[in-house]
Structure formats: structure tokens, C-alpha cells
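One letter stands for each residue in the lines below.
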Amino acid sequence: MSAALAPIEAWFAQQGWTPMAFQRQCWQAYLAGDSGLLQVPTGSGKTYAAVMGPIAEVLAAEPLPPAVPEPAATPKVQRQDAETKPRRKTGRAATPSRGLRLLVITPLRALSRDLALAIEQPIAAMGWPLRVAIRNGDTSTHERSKQLRTPPEILITTPESLSVLLANAKAPELFAQLQAVVLDEWHELMGSKRGTQTELCLSWLRRHRPQLRTWAISATIGNLDEAARAALGLPAAPRIITADIQRATAIRSLLPDTIDGFPWGGHLGLRMYEELVAGLEPGVSTLLFTNTRNQAERWHQCLRFACPEMEDGLALHHSAIDRAEREAIEARVKAGELRWVVCTSSLDLGVDFQPVERVVQIGSAKNLARLLQRAGRSAHCPGGTSQVLFMPTNALELLEVSAMRRGLENGLVEHRRPPQLPLDVLLQHLTSLACGAGFQPEEELATVRRCWSFRHLSEAQWQWCLDFLEHGGQCLTAYPRYRKLVRCRLHDDEPPAPGEPWSFRVLDKTIARLHRFNIGTITADRSVTVRFVRGAVIGHVEEAFIGRLKPGDVFFFAGRQLEFVRLREMTAQVKATSKKSSTVPAWAGGQMALSDLLSSHLRQEVDRCARALDGEATLDTPELQALEPLLQRQANLSGLPRSDQLLVELCRSREGSHLFVYPFEGRFVHEGIGFLWAWRLARQKASTITVSVNDYGFELLAPKTYPFEELLDLHGDDLLALSNLESDLQQALNFSELCRRRFRAIAQVSGLISQAMPGQNKTGGQLQISAALLFDVFQKHEPGSLLLEQAQREVLDEELEAQRLQAALKRMASYTWRVERIARPGPLAFPLLVERLNSRLSNESLLDRVQRLINEAQRAEAL
């Protein structure tokens, strides 16, 4: 054992613990100068594996410098963390500092608090002379200034706050002693632009600190090597450490007593609330996960109605609820005071809830990694068994959970792919550097190219970015606010002489201030604060929802029945009411689609069902056995596809001619294929064709006389053709409008439009108008703009999943088509009818419309 690790081993011994093999392996690798990625199951001690090596190195380093007295007039200091930091009295000597040595980057503010507690536990117990600080959007201005004057040895922050630090002229001085960076929950960051933002910041840090070591920690990720390379940048050779720790996950499904053969999304769950309540135990601490905030609000309301005795032990937690209330809920869960918490992905990540014994998943998680992450919230300790109770919201979701069982048995987890060349993030990063110490273009280009996401950045793309920031590009040069960068001598703000070294700086203080207030890559729709008329903030809802309310309207939010009073300056004032209402806010981006890995397992599950009904296999999971009546009905009305078949159903009704297709590829891929087929069919015979999609297939609805069957016989191969795929997709969809909406987010990240200005707010409509005007200007005057090109690429890759769509078409082309002519829609088709009804305006409720469809189908069967 290395002598440097003696303090660490001593603390473990004091706790009665023995370090696990992967923890010692990680410490030794760090002390040997290696960087890498650590992947072990949730709750196995990966935080201590990552941070104890750097802490050991700091403790073994030179002694602390002498304390420096603080001025007696130090103003009153707000506590940084109420649970961990006492108030500092004025006139006391400031704690000496070795400088910032360890930087911990986490995706969520809530995780910062837990990480600080975990790291401070051994520091306090052993009396180590180390300070831990948190820096994020909640940190006071005074605390931030103090961190710059006397940096802590350990700083926990987020990607956005790290970028703000780089926009400070003192950044090189602050990070001059930095030895290590730990990336917590890297799998959550790397697949988004926040991960790219982190890559760029780390690359800058490595240039200033060439010996910097980076360790990423993750619980659930499939492509380990790519994840490690994204975290460490080029040309590093990452060290990957894993541990063979078997973390059992026990899944039990709540099965309906009967399945009527008419599955329809989102309502079977609420009809089964009595079964859920029977499956819960008041004395067992439980997290109930939903996929959307709207769903969480409804289920919380349902459980309050069904279990009034749990009023004091039941809570609701999602990201739109005010931070203070969320923190209070988290504290009560840890203390064992709350027994049931209905939540969303706001509690997915590594918040340590050891009292939690069970997890309920309401509706399919749609993703194996997400299910594993949520399951890991229960029994959050080494060797624990995660208990998951699955609550289906429609009968066909039982197919998905059966597929998940097999996927988990095979140890498979989805891959996360880092974005490639997101130039909007690069533009923001360069502006941040120019607001700080400045940058030299040639030196910074080499630094940026060491980022995994920008390893293919061309000289032309780099020059376009510099011209865009220095001159406003080709069409915005007349506007001073877009001419952000100025060439300055290296050590002052004067223009350089010919041949003299220079760097880019932002000299306009207004531009710099506006940029710092808008740093970040999260571009959610503008939200409105919900506040009691005389009281506290409750949370935030989207502007569009509040815009539909009139004074006196009642809605249910954050577990409360609220009456809307008035809207003032982006704050909705409300009061508590006893009036009843079923209105719940809806948030954009709530739909999730099947992952590619789960789609593959789902197709295998359907094949197994088809073989079982033919006597060639058995229905060997509880979910498939419960589905047998529905599967049999599908087989009788139409059929179930084998693994080498594409099921296509043709049907005529009073509505028109229906074409149902079942690739089992997920909602987003089906949306692309559905509109592609509609456009290609209409090209052969013009007609109005309506498209409806879900995770299992899509429906095309045309007038009664439309010859679907004839067109399939003549042009079936053309429907699956890969030639001209991109141009056909652009014509099939309102591609320009999709790009326009995507451009708004790109414009915000790149700094073309600003969302926040001190003392001033812009509505979502104003932001959209600004972005739309710029989009039109670029299209007319600079059609080759790389930001327009990025918007098009992101629509194809992220919204339409073009690569996955292309693979699906290729796979479908290799299949045998099983075309079934059906008298009425079967169990697979029925949810597609409901999807279409749900998007149609009517004075008849969705429940009434669906019941009418069921009655019509039952009458037809009786005849």
C-alpha cells in the first residue's frame, strides 16, 4: 500500500469498512498519474473511489501556508450549505488554502449537496485540513467572491458554473494549482451539449495544467471506451476500471385481473390504482417514478385521494417545484419521515437515499439504462437488491417490461453518443474565454481539436466561427452587439502592432455581462413562476399553460389545488382553494421513445409470442402469460410477426382506408417512416393522408377509395428505398418549420439571442420572434451559415433519428411482408386509433370516444 493512502485506509478502518478492490485500484491508478473512467453499479462506493486518490495526494503534499487575518468589517455571510457549513464570524483568521486542487463536476445541483456531505464526512472525522465548497447558480455573490480570493481545496460545481469561471479574468490564477477533475454521473452529461460544454472547459484546463488527471464515474453506460475518450480528450489513453459486483434487480409487475383486448395508452394505470395501493406498504419507503411531470401530478393526486391516511407521509418531487421545497422533501426522505414520494427523473441520479427500500415504475421506462438508474435508488448500498414494482399504463407495456427482463439478464445497456461539432456550444465557449483572460486563435484551435466532439473540426469551420464572433458573419456585421471579439495585445486592451502577438478579448462590458447571464446549453421553454399572492414561491410552469388560464380558473400543481388570480411580470399569482379541478399543467418534451436496444429486444419478444401461439415456444414470463388473451385475439384477427416478417394490416371503416404497419422501432423513428411513406404514396396517387404513430407502429388514414393494397403491390420496394432519403424526408415533413424551431435553441446557445437580462425578462413569444427573424435573415443573405446547417443536422439526427431510421428501412426491406386484410382494428392497431383521437379537437372526451370505439368493435364481433 502506498504511504499516501494511509490516511484514507485509516478512515475506512474507523468506519469498520474494508476498501473494495476497485476502490484501491482507482486510488493507485490516480497516484500513478493515470486518468480514466470508473463504472460500477449504483450504490457501490464509486464516489470515494474517485475522490480519495486526489485527497490523499493533497494531504501528502506540502504543509498549509499560515493563516491570513480577514478584515473585521467582513459582511454577514450566507451559509453555503445549511447542513455542512457553520457561519463564519467576522474578524476571524481566514482558513489558509493550498489553492484549488480537486474539481468535481456534477450534472445536478441536488447532487452537489450530497457529494459535499459525502466528502466532508471523512474530512470532519479525521480532522484533515481541507475545505470543500459548492459553486452553482444558488451560491451567493459574496460566497463566489470569497472562493476566488481564497479558493477551497475541493470545489463542487456544474458545467455552467465552470464556464462562468472561465469567463473571469482570474481563471488562470484560480486553476493554477489544480491537480484533478472528477466527472460525476458522466453518462448523464456526455450525450448532451452540456457534455460538450464540459469537454471544452476541460480541454482549456488541460492546456493550462498539462499534468491534470481526469476521472469520470458512471453507473450505467454501454460504450465505455467512447465515454472515456470523450471525458479525457485526445490523445489520452484512458484507463477503464470496472468491478464484477452483481447488483440484483428484482422486478415484479402489477398484472390486471383481465385484459380486454383494447389496450390504449395512459389510462390502464389510473384504472388500476387500487391494485397499486394494495401493492404498497405504508411502512416501506418507496419512490414512485413516472416519465413526465404531468403524470407525476396526476398520480400524486390519485394517491392522496385513495390513501388520506398517508397525507403526512406522501410527497411530490419534480423539477418544476421550487428548489427549497424539493430540498426539504429530499431531507425528509433521508431522515425516514416520508414514506412515499411520487417523482420524475429529478430523482434519477446519484442522490443517496439509503432509507428507500422499493422503487415503483409507473409506465415503461423505455430505456434499460433509465430503469437500472431508477432501480438503483432502492437498497442504495453495496450488495443490496433493488426492488422494482412495475405498473403498466397500457397492456402492451407488459411486452416492454418482459423485454427489459431479458435485456437485464444479458447485462446490456444502451450507448450514449456525444454530439458531433455543435458549433453553437463552441461559439459560446470562445466568447466565455474572451470575456475572461482572452485566447489566441492558433493555440485555442489546437486545444479545441483535442475535444472528442471537435476532433474533426476543419480549418474552414474554425475560421467561420472566428469571423462570426469578430465581425458578425456575412449578414450581421452592421450590428455592434454581434461584433463581440476585439484583437488586443496580450497584456492590455490596446490594438496590437503589426507582427505583435495578440489575443481575442471582449471589451464591451454590456456584451460581457449579457453573455455571463446567458451561459449554458439548457434551452427549455420560458417558464412562469407560480407564487401565492401573499406567500412563498411554489414552482414553475410553462408560459403557454398559464397563457390559457383566466382569473378564477383552478388547476392542480405541486400537490395543491390552486386558483389563478393574475399574471404579473412572468409571475402567476395564485391562492389555495377548495374548488375541484382535473386540470394539470403539461410540459413540453414529455414523450419518450423506445431506445434502439429495447426495440431490438421487443422484436425478439414479439417473435417469441408468435412462436408460442404456434406451439414452438412458451410464454415464460409473468407479463407474457398475462397477455396471452390479447395475443390470441391479435392472432385470430390478424397475426403476430416472426423475427423475419413485417406485419402490415389493411382495413376499411367509416373513417376511411387504414394502413397499419408495425416495425417496433420506437415513436420517433415511426414518425419519420410514417410521413415518408405518406409522401411517397401521395406521389404515386395524390390524396390527403393522416399519420398516427406510437412505439410499436404507425397508421396511415386515407379516403375510403384510396388503393393502399394496389400501391403496396406496385411500389412496396420504393417505400423502403434509401436513395434520396434525406430529400424525401425534407419534403415529407414540414422540414423548414422543424429547422426554424431547432434554430431557436441554437441561437440561444450561440449568443445570437439572449433569454435573460438583469431586471428584464423576455417571453417565449419574443424569443421565438427574434430567432425566426434571424433564421429568415440567414436563409436569405447567408444560406451557407453553419448554424443553419447545424439546425438541419440536429433535426435529422435527433428529432428524426435519421441513422436509426435508415437502418430500420434497410431491415424492413430484408423482411417478408405479411399483409393481413382485417375486418376491424385489432389489439396492435387500437392504440394507434386512440393516438389519433387524442390529437383531434372535439367536445367529446377522449374516454367517451375510446369507449365508443370499443362498443362498436364489440358489436361487430357479436355479429
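These numbers were taken from a predicted model, which means no experiment stands behind them. Within every chain, residues take consecutive numbers counted from 1 along the sequence as written. Thresholds applied to this predicted model are a pLDDT of at least 70 for local features of residues and 80 or more for the giving and counting of side-chain atom pairs; totals over whole chains, interfaces and linings are not thresholded and use all residues. Side-chain calculation: all heavy atoms of the structure are included, whereas hydrogens and water are not.

(A) Representation of the pairing of strand β25 (residues 690–693) in the model. Inspection of the sheet shows β25 paired to strand β26 (residues 698–702) by 4 bridges, in the antiparallel sense. Residue pairing for β26: Ser-692 is matched across the bridge by Glu-699. Between β25 and β26, which pair antiparallel in sequence order, lie 4 residues. For two strands to be treated as a pair, DSSP must find no fewer than two bridges joining them. Runs of H or I in DSSP of at least four residues are treated as helices and runs of E of at least two as strands, each being numbered from the N terminus.

(B) The packing of aromatic side chains, seen in detail. Stacked, edge-to-face and tilted are the three classes for Phe, Tyr and Trp ring pairs, Trp counted by its six-membered ring, which pair at centre distances within 6.5 Å; planes under 30 degrees apart are stacked, over 60 edge-to-face, the rest tilted. Evaluation of the coordinates by the stated rule reveals 18 aromatic pairs. Measuring from ring centre to ring centre gives 6.4 Å for Phe-175 and Trp-204, while their planes differ by 80°; the resulting arrangement is edge-to-face. Remark: Trp-204 occurs in helix α9 (residues 193–208) and Phe-175 occurs in the loop between α7 (171–174) and β7 (180–183); sequence separation between them is 29 residues. Type-normalised accessible area, obtained with a 1.4 Å probe on protein chains alone, sets the label of each residue: buried when under 20%, exposed when over 50%, and partly exposed for intermediate values. Among the residues examined, Phe-175 registers a relative accessible area of 2% and is labelled buried. Aromatic pair Phe-664 and Tyr-696: ring centres 6.3 Å apart, planes at 55°, arrangement tilted.

(C) Summary view of the packing of helix α27 (residues 735–750) against helix α29 (residues 786–799). Between α27 and α29, the shortest axis-to-axis distance is 8 Å and the interhelical angle comes to 115°. Taken together, the axes of α27 and α29 lie roughly perpendicular to each other. At the point where α27 passes α29, the crossing takes the right-handed sense. Contacts between α27 and α29 pair Phe-735, Leu-738, Cys-739, Arg-742, Phe-743, Ile-746 and Ser-750 from the former with Leu-787, Leu-788, Gln-790, Ala-791, Gln-792, Glu-794, Val-795, Leu-796, Glu-798 and Glu-799 from the latter. Each residue gets one of three labels, nonpolar for Ala, Val, Leu, Ile, Met, Phe, Trp, Tyr, Cys and Pro, charged for Asp, Glu, Lys and Arg, and polar for the others, Gly among them. Classifying every residue of the contact of α27 with α29 by side-chain character gives 10 nonpolar, 3 polar and 4 charged. All axes here are fitted lines through C-alpha atoms, helices being fitted over the stretch that makes contact, and every angle between N-to-C directions spans 0 to 180 degrees. Roughly parallel refers to an angle under 35 degrees, roughly antiparallel to one over 145, roughly perpendicular to one between 65 and 115, and oblique to any angle outside these ranges. We call a crossing left-handed when the near helix sits turned anticlockwise from the far one by less than a right angle, and right-handed when that turn is clockwise. Pairs of residues are marked as contacts when any of their non-hydrogen atoms sit within 4.5 Å.

(D) Structural context of the nonpolar core. By size, the foremost hydrophobic cluster in this structure holds 116 residues, and its most contacted members are Phe-175 and Trp-677. When residues no more than four places from it in sequence are discounted, the contact partners of Phe-175 are Leu-100, Leu-103, Leu-162, Leu-165, Leu-166, Trp-204, Leu-205 and Arg-209. As used in this record, nonpolar core signifies buried Ala, Val, Leu, Ile, Met, Phe, Trp, Tyr and Cys residues forming a set joined through side-chain atoms within 4.5 Å. Counting 43 residues, the second largest nonpolar core, distinct from the first, contains Val-388, Phe-390, Leu-602 and Leu-631.

(E) The arrangement of helix α13 (residues 293–306) in detail. Under the convention used throughout, the expected extent of a helix is 1.5 Å for every residue step, that is, one less than its residue count. Taking 1.5 Å per residue as the helical rise, α13 with its 14 residues ought to reach 20 Å, and the 20 Å between its terminal C-alpha atoms agrees with that figure. Of all the positions in α13, only Asn-294, Gln-295, Ala-296, Glu-297, Trp-299, His-300, Cys-302 and Leu-303 are classed as buried.

(F) Geometry of the sheet that holds strand β20 (residues 554–557). A sheet is described by the order of its strands in space; here 5 strands give the open sequence β19-β18-β22-β21-β20, paired in mixed fashion. Two strands in the sheet have a free side with no partner beyond their single neighbour: β19 (537–542) and β20. Taking the axes of each pair of neighbouring strands and ignoring which way they run, one obtains an average angle of 40° across the sheet. Sheet strands touched by α13: β20 and β21 (560–568). Its angle to β20, the strand with the most contacts, is close to 95°.

(G) Main features of helix α16 (residues 397–409). For α16, which comprises 13 residues, the first-to-last C-alpha distance of 19 Å matches the rise-based estimate of 18 Å (1.5 Å per residue) to within 8%. Burial runs high along α16: 11 of the 13 residues are buried. Every buried residue of α16 is accounted for by Glu-397, Leu-398, Leu-399, Glu-400, Val-401, Ser-402, Ala-403, Met-404, Arg-405, Arg-406 and Gly-407. In the core, the buried residues of α16 are packed alongside β10 (249–253), α15 (368–375), β15 (386–391), α22 (596–613) and α23 (622–637). Two residues or fewer past α16, Gly-411 is found with a positive phi of approximately 70°.

(H) Representation of the side chain of Ser-657. Mapped onto the elements of the fold, Ser-657 is located in strand β24 (residues 656–662). With residues up to four places along the chain from it excluded, the contact list for Ser-657 reads Cys-651, Arg-652, Leu-700, Leu-701, Ala-702, Pro-703, Lys-704, Tyr-706 and Phe-708.

(I) Spotlight on the environment of Gly-639. Take Gly-639: it is sitting in the loop between α23 and β23 (645–653). Taking the C-alpha atoms as reference points, Gly-639 and Gly-826, 187 residues apart in sequence, are found 9.4 Å from one another. When residues no more than four places from it in sequence are discounted, the contact partners of Gly-639 are Gln-634, Leu-647 and Arg-818.

(J) Local environment of unusual backbone geometry. Residues Leu-234 and Pro-235 are joined by a peptide bond in cis, for which omega reads 0°. By secondary structure assignment, the location of Pro-235 is in the loop between α10 (224–232) and β9 (239–242). Look at Glu-185: it is not a glycine, yet its phi comes out positive at around 50°. Inspection of the secondary structure puts Glu-185 in the loop between β7 and α8 (186–190). Judged by its relative accessible area of 2%, Glu-185 falls in the buried class. One non-glycine residue, Glu-801, adopts positive backbone phi at about 45°. Locating Glu-801 in the fold gives a position in the loop between α29 and α30 (802–813).

(K) A look at the sheet that holds β24. With mixed pairing, the 5 strands of this open sheet are ordered in space as β25-β26-β24-β23-β29. Two strands in the sheet have a free side with no partner beyond their single neighbour: β25 and β29 (816–821). With strand direction ignored, the average angle separating the axes of adjacent strands in the sheet is 20°. Here β23 pairs with β29 via 6 bridges, running parallel. What sits directly across from Leu-647, in β29, is Arg-818.

The values are spatial; any link to function lies outside them.
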